[in-house]
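Here is how the chains run, residue by residue.
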Amino acid sequence: KLGKRRMVWRYDPILLSSSYPAEYHMEQFDRLAAALADAADECVISFLDEYKNTRRNENILNARTPSAEEMKRIAAGISQIAAGYGLQVRSCAEETDFSGCGVLPSHCIDAERIRDISGRPGIGRKDPSQRNACGCAKSVDVGMYNTCPNACLYCYANYNPSVIQKNCNLHDISSP
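Residues numbered from 1 in each chain as written. Predicted model: local features only at pLDDT ≥ 70, side-chain atom pairs only at ≥ 80, totals over all residues. Heavy atoms only, no water.

Right, let's get into the side chain of Asn 158. With respect to the helices and strands, Asn 158 occurs in the loop between helix H5 (111-118) and helix H6 (161-170). Polar side-chain contacts of Asn 158 include one of 3.2 Å to the backbone nitrogen of Asn 146. Among the polar contacts made by the side chain of Asn 158, one reaches the main-chain amide nitrogen of Thr 147 at a distance of 3.1 Å. (Helix = DSSP H or I, 4+ residues; strand = E, 2+ residues; numbered from the N terminus. Polar contact = N/O pair within 3.5 Å; in protein donor to acceptor, adjacent residues only side chain to side chain.)

If you look at the biggest cluster of nonpolar residues, it comprises 22 residues, and the most contacted ones within it are Trp 9, Tyr 11, Phe 29, Ile 45 and Ile 78. Breaking this core down by element, the ones donating at least two residues are strand E1 (8-14), helix H1 (22-36), strand E2 (42-47) and helix H4 (68-84). Ranked by residue count, the leading element in this core is H4, at six residues. Every residue in contact with Ile 78, bar those within four places of it in the chain, is listed here: Tyr 11, Ile 14, Met 26, Phe 29, Ile 45 and Val 89. (Core = buried A, V, L, I, M, F, W, Y, C linked by side-chain atoms within 4.5 Å. Buried < 20%, exposed > 50% of the residue type's maximum accessible area, 1.4 Å probe, protein only. Contact = heavy atoms within 4.5 Å.)

So, about the packing of aromatic side chains. Taken as a whole and judged by the stated rule, the model has six aromatic pairs. Taken together, a centroid distance of 5.8 Å and an interplanar angle of 35° make the contact between Phe 47 and Phe 98 tilted. Here Phe 47, found in strand E2, pairs with Phe 98, found in the loop between strand E3 (88-91) and strand E4 (104-105); they are 51 residues apart in sequence, far enough to count as distant. Judged on exposure class, the residue Phe 47 and its partner Phe 98 are both buried. Ring geometry for Tyr 145 and Tyr 156: centres 6.0 Å apart, planes at 65°, overall edge-to-face. Of this pair, Tyr 145 sits in the loop between H5 and H6 while Tyr 156 sits in the loop between H5 and H6, placing them 11 residues apart in sequence. Judged by relative accessible area, Tyr 156 falls into the partly exposed class, the value being 44%. (Phe/Tyr/Trp six-rings, centres within 6.5 Å; stacked < 30°, edge-to-face > 60°.)

Time to look at H5. Measuring from the backbone nitrogen of Glu 112 back to the side-chain oxygen at the start of H5 gives 3.0 Å, which picks out Asp 110 as the cap. Taken from the residues just after H5, Gly 119 is the one with a positive phi, measuring 70°.

Consecutive side chains of a regular strand alternate in pointing toward one face of the sheet and then the other. As paired elements, E1 and E2 share five bridges and run parallel to each other. Bridge pairing in E2 places Ile 14 opposite Phe 47. Chirality of the crossover, the property in question, places the unit of E1, H1 and E2 among those that are right-handed. (Pairing = 2+ DSSP bridges. Right-handed = clockwise from strand over helix to strand, strands pointing away.)

Listed below in structure tokens is the structure:
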């Protein structure tokens, strides 16, 4: 309904563990790409980043940080699968260079894409408050940390269960 240029889907975070080996990610990416290829032209990937709360959950997740070579193998595999569906894969704020795998850096808040879709010039300066490897244009985030009740152990945006509960209780579904 929206058009392929208007939707970018994310496959992240890619984490490796005994439950989630590289093969698992290839299978899941293929399944999702098949389902989303008619709705999007791009997928953004990223690997698990270590934040305070992800480090705290390391033992529960049983995840490990993949080596640069492992990340490149996974990125190459995902890129190859995506190509079969006519999808471009980009990476989000990754220090590792995946261009040899056909995966270029992403801009989740992509000034060029927004200009193309909206027809409005003037969007485009890199957000200086983001990580160095982030290419996002300056924007206003409509989200808020500690508001998701899903309790994903790899999530950087939720790190205080009591604040999450408080914020969820304050949520007004009828608020504009």
